[in-house]
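Per-entry structural report
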Amino acid sequence: MNTEETNVEMKDAQNISAEQKDGPDAAADVGADAAADAAADAARAAVDADATEADVSEADLDQEEQEKQPMTADGDRPPEAPPEGREEVDAEKNGSVKLKILDEAEETFTGLNKEELLRVAGTPGWVRTRWALLLVFWLGWLGMLVGAVLILLQAPRCRELPATSWWNQGPLYQIGNIHAFTDTHNLKGVEQKMTSLSQLKVKGLVVGPIHVAPPDEAISLRFEEISPEAGNLEQFKGVIQAARRKGISVVLDLTPNYQGSSGHWFSINSVTNVAERLKSALVFWLNQGVDGVQLSGVEQLASTVPALWADIRAIVQNGTERGGSERLLLGVTESSSADRVSALLSSTEVDLLISKVLTAGGPEPARYAHTVQRLYSNHTQTKLAWNLGGRDDGHLASLVPPAHVKLYQLLLLTLPGTPVFSYGDEIGLMDGESKFPKMLWDFEDDLNGSLQEDQTDRLSLRNFFRSVSELRGKQRSLLHGDFLLLSNSSSSLAYLRVWDQNDRYLAAFNWGPEEEAVLQTSEAVLPRHAAVALSTNSSALPAGSSVDLTELRLGPGQAALIKLPHTG
């Protein structure tokens, strides 16, 4: 109700009051006027209602137009977002509710009911379709099954890996003189150098001899006591524990008369007594945790006291069954004949036999080829050991030209069998006044430009040794692959290491003073081109470079290891 209507009603009320005061004579006139006024008020109320509805409709339309247009405070800026819950409050104030009225003519699809589906599924067309799809499914499944069986039958079978022991997995590293190996001059120093030895990927550490053994005095021999010059039992246990943390096994050299000149087992009359004492010593040291034993002069012991030798072998080799770990019986012989070494391997039944088959004589590739072929054909490669030098002969770099050290490192690490090195062979350590020179550790210094030329050379040799040793441990063809001799001459040698469907490796060597074609072959035997894996002269044959195998040429004193991918 607006203001004008309110004023009219107030005036009407005042008139009525005045008329009532005039007396009863005006009552009839007042009643008639009141009726007329009531009728007029009803008409005005109807008009006001229509106007109110029109106003509401007009306000709704204005509200919708405002919602369609962006609201700005000054005509330029967009409206600010209403506070949380504001929309709902405004909607309640406006009083407008939006309703969607469905068209009565609109119809929704509810799908087929169960009875209708069954009627359709039972029609001949759908039955035939289902049978056809089922037949296609089973034919496809049978086809895939037959194809899988054919693939399995035609695929080449993987060759079964040979049974190997820990000493077949990497090089053996001999420390024949503890005093010369480290600056501490005892077993504690060996423990401290275990990380450096682990970097060379060696699998076995041959320590000693370190027991008390005055030269040529069998009566003073004490197998179970460590010489004070080498250290003590606690230090030795520390070496074993540190080695095991690095995955290295420890072999103890128990050669009785290692400092004397009357023979490894003293005189012939003392062999029986010394062998008996050795049996109890073996039990003692195996209980301390050693993983094997090295003995020199095994042919003398095996031939002189065969029964005691059988007991010694049983204590060491049968300990594997009791202790759950493999134990190595490592023999050493002075023999340099391939036939003699082959016979000793069979008669002594040692696990490995270190000999002089490669040490005797000069660098004769033809003799090397014959020796390797002879031993490889008579024994499995898990029984073969290769070395140059040793306790009696000295270090590798003193037996070969210094420029050929890398060549011999590559040779020993790629032949079929276990390579054996003396401490310092990895850096080209040379003998001085004795066969046990002081080990040099200056290559461990940081390469800050302060290293001298000889120190850089030692580091280069060690890095090459480490690279070949690491590659050997990763590649099955080098680890236990077949040995195939390709060519040999008075100054060159080339052979192939192959294992099943793995990458093959060709090792080529030139001992000559001039460049030489070390390999000439047809493409039917080998691919025409292959990549260099490692070489002793990375400037002439860098790793990854391609070489022509139909005429492989190497420089003087050069060797290379070439990778031939498996072609199937």
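Residues numbered from 1 in each chain as written. Predicted model: local features only at pLDDT ≥ 70, side-chain atom pairs only at ≥ 80, totals over all residues. Heavy atoms only, no water.

Digging into the packing of aromatic side chains
Selection rule: Paired rings are identified among Phe, Tyr and Trp, the last through its six-membered ring, by centres lying within 6.5 Å, and are further divided according to the angle between planes into stacked (under 30 degrees), edge-to-face (over 60) and tilted (the rest). Lysine and arginine charges are scored as sitting over a ring when NZ or CZ, respectively, is within 6 Å of the ring centre and within 35 degrees of the ring normal.
Tallying each qualifying case throughout the model produces 16 aromatic pairs. These aromatic residues form a ring-pair network of at least three members: Tyr368, Tyr376, Tyr408, Phe483, Tyr495, Phe509 and Trp511. Taking NZ or CZ as reference, Lys193 lies 4.3 Å from the ring centre of Trp441, over its face.

Examining the environment of Ser249
Note the cut-off: Put simply, DSSP marks the helices as runs of H or I at least four residues long and the strands as runs of E at least two long, and each gets a number from the N terminus on. The classification of residues rests on relative accessible area computed with a 1.4 Å probe and restricted to protein chains. Under 20% of the type maximum is buried, over 50% is exposed, and intermediate values are partly exposed.
By the secondary structure assignment, Ser249 is in strand β5 (residues 249-253). With relative accessibility at 13%, the residue Ser249 sits in the buried group.

Observations regarding the sheet that holds strand β11 (residues 482-488)
Just so we agree on the cut-off: Any two strands with at least two DSSP-identified bridges between them are counted as paired. The angle between two axes is taken between their N-to-C directions and runs from 0 to 180 degrees, where each axis is a line fitted to C-alpha atoms and a helix contributes only its stretch in contact. Residue contacts are defined here by distance: any two heavy atoms, one from each residue, within 4.5 Å place the two residues in contact.
Taken in spatial order, the 6 strands of this open sheet run β11-β12-β13-β18-β15-β16, and their pairing is antiparallel. Each edge of the open sheet is held by one strand with a lone partner, namely β11 and β16 (546-548). When strand polarity is set aside, the average angle formed by the axes of neighbouring strands in this sheet is 35°. Sheet topology places strand β13 (residues 504-510) next to strand β18 (residues 559-564); 6 bridges connect them, and they run antiparallel. Bridge pairing in β18 links Arg504 to Leu564. Here helix α15 (residues 365-378) sits on the sheet and contacts β11 and β12 (492-498); the angle it forms with β11, its principal contact strand, is near 155°.

Focus on the confidence of the model for the protein chain
In plain terms, the rule: pLDDT is defined as a per-residue confidence score from the predictor, taking values between 0 and 100.
Counting all residues, the mean pLDDT for the protein chain is 83, and 78% of those residues have values of 70 or more. Below a pLDDT of 50 lies the segment residues 1-36, which in the model reaches 7 contacts outside its immediate sequence neighbourhood of four places, other chains included. Note that residues 56-61 has pLDDT below 50 and, in this model, 0 contacts with residues that lie over four places away or in other chains.

Re the sheet that holds strand β1 (residues 172-175)
A sheet is described by the order of its strands in space; here 8 strands give the open sequence β8-β7-β6-β5-β2-β1-β10-β9, paired in parallel fashion. Every interior strand has two partners, whereas the edge strands, β8 (352-354) and β9 (385-387), have only one. Averaged over all pairs of adjacent strands, the angle between their axes in this sheet comes to 25°, without regard to strand direction. Taken together, the 5 bridges between strand β6 (residues 292-296) and strand β7 (residues 328-332) define a ladder with parallel strand orientation. Its bridge partner being in β7, Gln294 is matched across the sheet by Leu330.

What to know about the pattern of salt bridges
We count it as follows: Here, a salt bridge means any side-chain nitrogen of Lys or Arg that lies within 4 Å of a carboxyl oxygen of Asp or Glu.
The tally for this structure, following the rule as stated, stands at 19 salt bridges. Residue Arg244 pairs with Asp291 through a salt bridge whose shortest N-O separation is 3.6 Å. Of this pair, Arg244 sits in helix α9 (residues 233-245) while Asp291 sits in the loop between α10 (271-287) and β6; the two residues are 47 residues apart in sequence, bridging distant segments of the chain. On the basis of relative accessibility, which here comes to 48%, the residue Arg244 falls in the partly exposed class. The shortest N-O distance in the salt bridge between Asp393 and Lys356 comes to 3.3 Å. With Asp393 in the loop between β9 and α16 (396-399) and Lys356 in the loop between β8 and α15, this pair connects stretches of sequence that are 37 residues apart.

What about a nonpolar patch on the surface?
Where we set the bar: Each patch is built from residues that are more than 30% exposed by relative accessible area and take part in no salt bridge. Like charges join if they lie within 9 Å; nonpolar side chains (Val, Leu, Ile, Met, Phe, Trp, Tyr) join within 5 Å. Note on areas: these come from Shrake-Rupley sampling with a 1.4 Å probe, and a residue is covered only by the protein chains present in the view.
A cluster of nonpolar side chains, namely Trp131, Leu134, Phe137, Trp138, Trp141, Leu142, Met144, Leu145, Val146, Val149, Leu150 and Leu153, defines an oily patch on the protein surface of about 1,300 Å² accessible area. Turning to its location among the elements, Leu134 is positioned in helix α5 (residues 124-154).

Quick notes on the packing of helix α14 (residues 338-348) against α15
To keep it simple, the criterion reads: Oblique is the label for every angle not falling under 35 degrees (roughly parallel), over 145 degrees (roughly antiparallel), or within 65 to 115 degrees (roughly perpendicular). Crossings are assigned a handedness: left-handed for a near helix turned anticlockwise from the far helix by less than a right angle, right-handed for a clockwise turn.
Across the interface, α14 lies against α15 with an axial gap of 9 Å and an inter-helix angle of 25°. Relative to α15, α14 is oriented roughly parallel. Considering how the two elements wind past one another, α14 and α15 form a crossing that is right-handed. Counted together, Ala338, Asp339, Val341 and Ser342 of α14 and Thr371, Arg374, Leu375 and Asn378 of α15 form the full contact between these two elements.

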